[in-house]
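# Structural overview
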Amino acid sequence: MDLFDYMRDMDKEQESPLASRLRPSALDEVVGQEHIVGHDKLLYRAIKADKLGSVIFYGPPGTGKTTLAKVIANTTNAQFTQINATASGKKDMEEVIKKAKDNSGMYGKKTILFVDEIHRFNKGQQDYLLPFVEDGTVILIGATTENPYFEVNSALVSRSIIFELKPLLPKDIKTLILRAVNDEEKGMGLYKAKIDDEALVFLSEIAGGDARIVLNAVELAILTTKRNDDGFIHITLDIASECIQKKVVRYDKSGDNHYDVISAFIKSMRGSDPDAAIYYLAKMLYAGEDIRFIARRIMICAAEDVSNADPQALVVATSAAQAVERVGMPESQIILAQAVSYVASAPKSNSAVNAINMAMEAVKNENSGKVPSHLMDTSYQDAAKLGRGIGYKYAHEYPKHYVKQQYLPDEFVGKRFYIPSDNGYEKTIQEYFKYIHSEK
């Protein structure tokens, strides 16, 4: 590197966006992703020991994929080379492979190749890399926002460890914001800025787990805000909202407004008004409500208010809860909207709620009935000598796969707990009960 290259790199470092300057240079500076970089986790140990094999980092934007690659670059003794799949072709890869072979042959030094947005490589480009990953010419680090099991060559995937990065939590975003405001070396500490608590909370929750967009907003706020008479730049809630181009929605997660909105959300689904339910969903999402919290409420509503009137409602709600864990925002809003509109539009019943409430009350307040002897376990030797299981009728041996026999304890014979409604599939359940109980 000559003097001009050095000066060019220095200028680039000083003029690069805050999100880039703030990237940690050491593993212990990484914020979030404890599930893969915690001190007892495989990735942390492999990086520390400089024994990293080929890996693919998969996760939403702004979660730290490139950051982890840079940390590895600063930690490893291997030659680190970076290319971006959107701007690199086969010729670029051929040059990388040639240098990697030279480093290995002449200096006995490994080469780590970081391919950002690896899913952008076509099949031919990915196939070209495969033999060199396989024989150890390069150690591959791929980064992708797309599911690698669908978008990356299966042979490359099988030779790599997949690490999924999750959207950063609000507490992680807060840490990064404060570091950006106060750090004089990498951040903007020399500008003497302060951020109000309201603005800090707003930015950390509106981020949707993406650190980059929030750090860009913090940088813009500091660079465009005049100093107060006390000599400090104050980042207020209004300034933060303007710089991230998001309107402040008055929604205090610990206050009455939070409970009012979630109450209206649930009651709208229960009341079969998908338009209102979607509106309150949007309000919560805009305010940065935890998508996992929202998904849990949809699942509860599906079981409590829809129940067996449409058994698929809980399936849809549960699938949505699993999907938002994997996808993150902003796409999760579509998944949640689908689940909300389905649950709100489904026929309603609270029969399951009534059934379990009555059963719990019976168990709590009445004598606990003894299990009828013919239903007792017979899996152990000499059970029959104790009268266990004698007289039990196996339902599948009878017409309609049903036979009348006592299942409840003696004390509760004739007691009804589950009484299906006339709505949706529960009407079918009613008809089935009439069918199996009908006289021949």
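Thresholds, definitions, all that
- Residues numbered from 1 in each chain as written.
- Predicted model: local features only at pLDDT ≥ 70, side-chain atom pairs only at ≥ 80, totals over all residues.
- Heavy atoms only, no water.
- Core = buried A, V, L, I, M, F, W, Y, C linked by side-chain atoms within 4.5 Å.
- Buried < 20%, exposed > 50% of the residue type's maximum accessible area, 1.4 Å probe, protein only.
- Helix = DSSP H or I, 4+ residues; strand = E, 2+ residues; numbered from the N terminus.
- Contact = heavy atoms within 4.5 Å.
- 1 Å grid on protein atoms, 1.4 Å probe; cavity = no way out; pocket = protein on both sides within 12 Å on 5 of 7 lines; lining within 4 Å.
- Points joined across faces, edges and corners; volume = space filled by probe spheres on them.
- Nonpolar A, V, L, I, M, F, W, Y, C, P; charged D, E, K, R; others polar.
- Expected span 1.5 Å × (residues − 1).
- Arc of directions from axis to C-beta.
- Pairing = 2+ DSSP bridges.
- Axes fitted to C-alpha atoms, helices over the stretch in contact; angles between N-to-C directions.
- Patch = residues over 30% accessible without salt bridge, like charges linked within 9 Å, V, L, I, M, F, W, Y side chains within 5 Å.
- Areas by Shrake-Rupley, 256 points an atom, 1.4 Å probe, with all protein chains shown as cover.
- Salt bridge = Lys/Arg side-chain N within 4 Å of Asp/Glu carboxyl O.
- Lys, Arg positive; Asp, Glu negative; His and termini not counted.
- Charge placed at Lys NZ, Arg CZ, Asp CG, Glu CD.
- Parallel < 35°, antiparallel > 145°, perpendicular 65-115°, else oblique.
- pLDDT = per-residue confidence, 0-100.
- Right-handed = clockwise from strand over helix to strand, strands pointing away.
- Phe/Tyr/Trp six-rings, centres within 6.5 Å; stacked < 30°, edge-to-face > 60°.
- Lys NZ or Arg CZ within 6 Å of the ring centre and 35° of its normal.

### Examining the nonpolar core
Counting 33 residues, the largest nonpolar core has Ile177, Ile195, Leu203, Val214 and Val218 as the members making the most contacts within it. Elements that contribute at least two residues to this core include exactly α2 (18-21), α10 (170-182), β6 (193-195), α11 (197-206), α12 (211-224), β7 (233-235) and α13 (237-244). Counting residues per element, this core draws most heavily on α12, at 7 residues. Discounting chain neighbours no more than four positions away, the residues touching isoleucine 177 are Ile195, Leu200, Leu203, Ser204, Val214, Leu215 and Val218. Core analysis: the next-biggest nonpolar cluster, separate from the first, contains 29 residues, Phe265, Ile291, Ile298 and Val324 among them.

### Notes on the layout of surface pockets
Any empty space left between the atoms is revealed when a probe the size of a water molecule rolls over them. The calculated volume of the second largest pocket comes to roughly 1,100 Å³. Elements with a contribution of two residues or more to the lining of the second largest pocket: α3 (34-37), α10, α11, α15 (274-286), α16 (291-306) and α17 (312-327). No other element matches α17, which puts 4 residues into the lining of the second largest pocket. Looking at side-chain class alone, the lining of the second largest pocket contains 18 nonpolar, 10 polar and 14 charged residues.

### Concerning α17
Over its 16 residues, α17 extends 22 Å from the first C-alpha to the last, a length consistent with the 22 Å expected when each residue adds 1.5 Å. Turning to α17, its buried residues number three or more, namely Ala313, Val316, Ala317, Ala320, Ala321 and Val324. When α17 is viewed along its axis, its buried side chains cluster within an angular range of 140 degrees and face the same direction. Looking at the buried positions of α17, the neighbouring elements they touch are α16 and α18 (332-345).

### What about the sheet that holds strand β3 (residues 111-116)?
Read across the sheet, 5 strands follow the order β2-β3-β4-β1-β5 without closing on themselves; strand pairing throughout is parallel. For this open sheet the edge positions go to β2 (79-84) and β5 (161-164), each flanked by a neighbour on one side alone. On average, each strand axis in the sheet is tilted by 15 degrees relative to the strand beside it, whichever way the strands run. Pairing geometry for strand β1 (residues 55-58) and strand β4 (residues 139-144), over 4 bridges, is parallel. Each residue of the ladder has a partner; that of tyrosine 58, found in β4, is threonine 144. Those strands touched by helix α6 (residues 90-107) are β2 and β3, and its axis lies near 175 degrees from that of β2.

### Topic: a negative patch on the surface
A contiguous patch of negative charge on the surface is contributed by Asp196, Asp197, Glu198, Asp238 and Glu242. Here aspartate 196 lies in the loop between β6 and α11. Aspartate 196 sits in the partly exposed class, given a relative accessible area of 31%.

### Here we look at the packing of α6 against helix α7 (residues 123-134)
For the pair α6 and α7, the least separation of the axes is 10 Å and the interaxial angle reads 10 degrees. By the angle between their axes, α6 is roughly parallel relative to α7. Contact residues: Lys90, Met93, Glu94, Ile97 and Lys101 in α6; Gln125, Tyr128, Leu129 and Phe132 in α7. A class-by-class count of the residues in the contact of α6 with α7 yields 5 nonpolar, 1 polar and 3 charged.

### Focus on the environment of aspartate 127
Take aspartate 127: it is sitting in helix α7. Taking the relative accessible area as the measure of exposure, aspartate 127 reaches 29% and is therefore partly exposed. Aspartate 127 sits 117 residues away from isoleucine 244 along the chain, and the two C-alpha atoms are 41 Å apart.

### With respect to the confidence of the model for the protein chain
Here the protein chain averages 84 in pLDDT, while 92% of its residues score no lower than 70. The low-confidence segment residues 1-13, where pLDDT is below 50, has 3 contacts with residues more than four positions distant or belonging to other chains.

### Points about helix α19 (residues 351-365)
Over its 15 residues, α19 extends 21 Å from the first C-alpha to the last, a length consistent with the 21 Å expected when each residue adds 1.5 Å. Every buried residue of α19 is accounted for by Ser351, Ala355 and Ala362. One side of α19 holds all its buried residues, which, seen down the axis, span an arc of 35 degrees. Projecting away from the buried face of α19 at angles above 90 degrees are the exposed residues Met360 and Lys364. Each element contacted by the buried residues of α19 is listed here: α20 (424-437).

### Section: the pairing of β2
With 6 bridges connecting them, β2 and β3 associate as parallel partners. Along β3, the bridge assignment pairs asparagine 84 with aspartate 116. Taking the sense of rotation as the criterion, the β-α-β connection linking β2, α6 and β3 turns out right-handed.

### Some details on the packing of aromatic side chains
One pass over the structure, following the stated rule, counts 5 aromatic pairs. With centroids separated by 6.2 Å and ring planes inclined at 45 degrees, the aromatic side chains of phenylalanine 57 and phenylalanine 163 adopt a geometry described as tilted. Here phenylalanine 57 is found in strand β1, whereas its partner phenylalanine 163 is found in strand β5, with 106 residues between them in sequence. Judged by its relative accessible area of 0%, phenylalanine 57 is buried. In this structure phenylalanine 163 comes out as buried when scored by relative accessible area, which is 9%. Cation over ring: lysine 194 sits above phenylalanine 232, and NZ or CZ is 4.2 Å from the ring centre. Between lysine 400 and the ring centre of tyrosine 435, over which it is positioned, the NZ or CZ distance is 4.5 Å.

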